[in-house]
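# Close look at the chain arrangement
Spelled out, the chains give:
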Amino acid sequence: MSPIPSRRLALVCLSLVAATACMTGPHNGTTTGDPVIGETFRFEGYYPEPNIPISLQVMNNPGLDPTLDSNWTQFATATTVTTPTSFNSTDPLFHWSVTAAPVPHIGFSLRWSTGGLVKVRAVAKDPDGDTTLYTFDDITYPDCFAANVNEPWNVLGTECQGVGLNRSALVSTRNSPVDAAPGARTVFLGKKQSNLPSAAAEEAETLQYYAQIQAPATLAAFRTKFGFPNSEVTATYYNDGDLGIGREMHCRSFPVPSQPNGVACYVSNYAEQLNGVPVFGGSSAIALADAVSRTNEFATVAMVFTPPANTANSVQFMVYDAQGALAPKAQLDNAADNTFVPGNCLTCHGIRATYNPVNNSVSGQAKFLPFDVFSFRYSNAPGFTYAEQANALRSLNDLITRTSPTAAITDFITGMYAPKAVSDVTAMANDTYVPTQWRQTKQKGLALYNGVVKPYCRTCHMSAGDGSAFLDQAVFEAYAPIIKTEVCGSGTTRTMPQAEHVMRKFWKSGARAYLDLGLDLQSHCRP
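The numbers attached to residues start from 1 for each chain and follow its sequence in the written order. The predicted nature of this model means local features are confined to residues of pLDDT at least 70 and side-chain atom pairs, given and counted, to a pLDDT of 80 or more, with totals for whole chains, interfaces and linings taken over all residues. Side-chain measures here rest on the full set of heavy atoms in the structure, leaving out hydrogens and waters.

## Observations concerning the nonpolar core
Definition of nonpolar core: a set of buried residues of the types Ala, Val, Leu, Ile, Met, Phe, Trp, Tyr and Cys, connected through side-chain atoms within 4.5 Å. When accessible area is computed with a 1.4 Å probe and restricted to protein chains, residues below 20% of their type maximum are described as buried, those above 50% as exposed, and intermediate ones as partly exposed. Grouped together as the largest cluster of nonpolar side chains are 110 residues, with contacts concentrated most on Phe 222, Met 318, Phe 476 and Leu 515. When residues of this core are assigned to their parent elements, the largest contribution, 7 residues, is made by helix 10 (residues 443–456). Beyond its immediate sequence surroundings of up to four residues, Phe 222 is in contact with Pro 216, Phe 228, Ala 264, Cys 265, Tyr 266, Ala 302, Met 303, Val 304, Met 318 and Tyr 320. Phe 43, Tyr 47, Val 58 and Ala 78 belong to the second largest nonpolar core, which has 24 residues in total. Helix numbers and strand numbers start at the N terminus; a helix is a DSSP run of H or I with at least 4 residues, a strand a run of E with at least 2. In what follows, residue pairs with any heavy atoms lying within 4.5 Å of each other are defined as contacts.

## Remarks on the pairing of strand 18 (residues 361–364)
One face of the sheet, then the other: side chains in a regular strand alternate in exactly this way. Note on pairing: two strands pair once DSSP finds at least 2 bridges between them. As paired elements, strand 17 (residues 353–356) and strand 18 share 4 bridges and run antiparallel to each other. The residue of strand 18 that forms the bridge with Asn 356 is Ser 361. Between strand 17 and the antiparallel strand that follows it, strand 18, lie 4 residues; Asn 360 among them carries a positive phi value of about 55 degrees.

## Looking at empty space enclosed by the protein
Buriedness for pockets is judged along seven lines, at least five of which must meet protein on both sides within 12 Å for an open set on the 1 Å grid over protein atoms alone, while cavities are sets there where a 1.4 Å probe fits but cannot get out, and lining residues have an atom within 4 Å of a point. Grid points are joined across faces, edges and corners, and a volume is the space filled by probe spheres set on the points. With the rule as written, the count across this model stands at 3 cavities of 30 Å³ or more. Space inside the largest cavity adds up to approximately 50 Å³. Around the largest cavity sit Ala 408, Phe 412, Tyr 433, Pro 435, Tyr 449, Val 453, Arg 458, Met 462, Ala 469, Phe 470 and Leu 471, which together line it. Looking at the lining of the largest cavity, the elements that each hand over two or more residues are helix 9 (407–417) and helix 10.

## Quick word on the pattern of salt bridges
Salt bridges are identified by distance alone: a Lys or Arg side-chain nitrogen within 4 Å of an Asp or Glu carboxyl oxygen. Summed over all chains, the structure comprises 18 salt bridges. Where Asp 69 meets Arg 121, a salt bridge forms, and the shortest distance between an N and an O atom there is 3.1 Å. Pair noted here: Asp 69 is in the loop between strand 4 (53–59) and strand 5 (72–79) and Arg 121 is in strand 7 (residues 117–126), with a separation of 52 residues, a long-range link. Overlapping salt bridges, with partners in common, bring together Asp 179, Glu 500 and Arg 504 in one network.

## Description of the packing of helix 8 (residues 386–400) against helix 9
Where helix 8 meets helix 9, the closest approach of the two axes is 10 Å, and the angle between their N-to-C directions is 150 degrees. Comparing the axis directions of helix 8 and helix 9 gives the class roughly antiparallel. The element helix 8 and its partner helix 9 pack so that their crossing is left-handed. Of helix 9, the residues touching helix 8 (which contributes Leu 393, Arg 394, Asn 397 and Ile 400) are Ile 409, Ile 413, Met 416 and Tyr 417. The residue makeup of the contact of helix 8 with helix 9, split by class, is 6 nonpolar, 1 polar and 1 charged. Axis definition: a line fitted to C-alpha atoms, limited for helices to the stretch in contact. Angles are taken between N-to-C directions and run from 0 to 180 degrees. Oblique is the label for every angle not falling under 35 degrees (roughly parallel), over 145 degrees (roughly antiparallel), or within 65 to 115 degrees (roughly perpendicular). Crossings are sorted by hand: turned counterclockwise from the far helix by less than a right angle, the near helix makes the crossing left-handed, and turned clockwise it makes it right-handed. Here the term charged refers only to Asp, Glu, Lys and Arg, the term nonpolar to Ala, Val, Leu, Ile, Met, Phe, Trp, Tyr, Cys and Pro, and the term polar to all other amino acids, Gly among them.

## Some points on the sheet that holds strand 6 (residues 94–100)
Spatially, the 3 strands line up as an open sheet ordered 1-3-6, and their pairing is antiparallel. Only two strands of the sheet have a single neighbouring strand rather than two, namely strand 1 (22–25) and strand 6. Within the sheet, the average angular offset between the axes of one strand and its neighbour, ignoring direction, is 25 degrees.

## Concerning the sheet that holds strand 12 (residues 259–270)
If you walk across this open sheet you meet the 6 strands as 16-15-12-11-10-19, and the pairing is antiparallel. Each edge of the open sheet carries a strand with a single partner, namely strand 16 (315–321) and strand 19 (376–377). The pairing of strand 15 (residues 299–305) with strand 16 spans 7 bridges and is antiparallel. From the neighbouring strand, Ala 299 faces strand 16, where its bridge partner is Asp 321.

## Digging into unusual backbone geometry
Cis peptide bonds are those with omega within 30 degrees of zero, and the linkage from Phe 228 to Pro 229 qualifies with 5 degrees. When you line up the elements, Pro 229 lands in the loop between helix 5 (219–225) and strand 10 (233–239). Residue Pro 497 follows Met 496 across a cis peptide bond; omega there is -5 degrees. Looking at the element boundaries, Pro 497 is found in the loop between helix 13 (480–486) and helix 14 (500–507). Phi is positive for Asp 520, close to 50 degrees, though the residue is something other than glycine. With respect to the helices and strands, the residue Asp 520 is situated in the segment after helix 15 (511–518). Judged by its relative accessible area of 43%, Asp 520 is partly exposed.

It is worth stressing that arrangement in space is one thing and function is another; only the former is reported here.
Set out below in structure tokens:
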């Protein structure tokens, strides 16, 4: 790990009455794909006194209580230098650093399981008493540093303190649970399974659902019924925040007698293919090239909102195959665990909605989801860059506001286009949206939201009309026991994130460190 420049490090140290020191590296949430045994990191930081021994300590087992000193063991030492440095303050800071391995050999393997977390801290052995040094989060540090760059170092440190306070969790990204064999892992999109006895029974049920909603038999007929391409809005992108495929989106509003207008959309899907089979989470370049050229589409998904809202089948789902014929199933990931329509759609579009096979109806809050434009990837081809499609994406989000969105969806769209309204043709999207209720605890709320909720939860949870939409940090924290089981549990109990592509990305990130320390899960959070 490369050392952080001293000038930059000085800015992030704390000056508090009880603790005036910090560990500036490695940050909480640092990841490694290397074997954990013998993996070294550069540990460093600052303390306000020279020649002070620094004890680098590791938890004997990540599942233990971190507040008990007996659960920590020293694995390396350093000493603060004698030459001071300072920034925006006359108070001196003395650097310390050491390169060391928290797990030097297999005899200490309980400290860090492959694919899990290891928890570390630094303790200054000051003659006046031990001081545990403060730590910082990888996800919030750059923005917090930029926002406080002109502040004295003690103010910046106080503002930028991480969720672990004086601990950091380092994350092994090897052995993802996504790659476990069926039966040893969760069922992807499994929270909305049909529970029917066979694939044939599911397809028969889907055909009954199609008959109930009077689904057009072909994509061409769907387009004609809902007035495409007149006044349509279209955009092309790679949906990296959800399924991991290229998408060619078309939406328009249509009149409904004695009601506000409805909204209809269809999206053709493109992906890298292996032996003729689409690869979800595959090459975005290949998927985008096909989407731009409108070649090799493998399926099209259609949705319709017909007011009044929140009534049976007010939101409808249809799938068409590559030839444009109505299809009785839809594969939304590489595993194909749940291909039942509309159940697999409701996994994200209606986490508080259900399908009733008695009357072939979707009830509850099935919702159109907003276009999270910063979670997409875009082509460099003329006409298909983000800049050239930004207004079309804004118009698509404006259409979503007309589909009876949940409070979370409304808040997201409003925040993303603030200070202007999404209906304003001059409004530009920004990537700084964080709900107000997540901004009350400084970096803790920002680390949990930007490091976990935003990339791995928000897309689907916004469809909920209750606390599970995660608009409020306090409500999210109240879910800690469930999160510990469904995110950091084992085998089939580990059900979240529900989508294969999102779960794979989650386990390759530092998100588990923010969850574990931010919610005090006291977990290995390992495969």
